[in-house]
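# A closer look at the structure
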Amino acid sequence: MVKPAGSRNTKYLYLTTTGRRTGRPREIEIWFTQRAGRYYLVAEHRERAQWVRNLRAAPRVAVRVGRRSFAAHARVVDAKAEPALAHTVKKLSEKKYGWGNGLVVELDPA
């Protein structure tokens, strides 16, 4: 049985950023959660993660979840300005994966 795109049981999302130095596409496989039509990632290495640096430089990203592919706008959630959102996303990740410590990134489908 094929799981629907975005299913709570879908384990990975594929994020393609644009390399900030090379301009070339960079794809990663990463855990994700969903809330209110948006997708959320947690960067374990925070600002040291190359993909976070890339999306800060070029926030237009490509996303693939299951069979669904779409463009999105990526942003780092400021935990001080949006503490409730950051807390909620971390709790969703902990529930789904047993882990949720890191920098929260939001993907808003275009």
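Quick caveat, the model's predicted, so the values are computed rather than measured.

## Comments concerning helix H2 (residues 83-97)
Its 15 residues give H2 an end-to-end C-alpha distance of 21 Å, which sits within 8% of 21 Å, the value for a rise of 1.5 Å per residue. For H2, the full list of buried residues reads Leu 85, Ala 86, Val 89, Ser 93 and Tyr 97. Seen from one end, H2 has its buried residues packed into an arc of 100 degrees, which puts them on one side. Away from its buried face by more than 90 degrees, H2 exposes Ala 84 and Lys 95. On its buried face, H2 is in contact with strand E2 (25-31), strand E3 (33-35), strand E4 (38-43), strand E6 (68-76) and strand E7 (103-109). Phi turns positive, to about 80 degrees, at Gly 98, one or two residues after H2.

## So, the pairing of E2
Here strand E1 (residues 12-18) runs beside E2; their pairing, made up of seven bridges, is antiparallel. By the bridge assignment, Tyr 12 is partnered in E2 with Trp 31. Connecting the antiparallel pair E1 and E2 is a turn made up of six residues, with Gly 23 showing a positive phi of about 75 degrees.

Calculation rules
- Residues numbered from 1 in each chain as written.
- Predicted model: local features only at pLDDT ≥ 70, side-chain atom pairs only at ≥ 80, totals over all residues.
- Heavy atoms only, no water.
- Helix = DSSP H or I, 4+ residues; strand = E, 2+ residues; numbered from the N terminus.
- Expected span 1.5 Å × (residues − 1).
- Buried < 20%, exposed > 50% of the residue type's maximum accessible area, 1.4 Å probe, protein only.
- Arc of directions from axis to C-beta.
- Contact = heavy atoms within 4.5 Å.
- Pairing = 2+ DSSP bridges.

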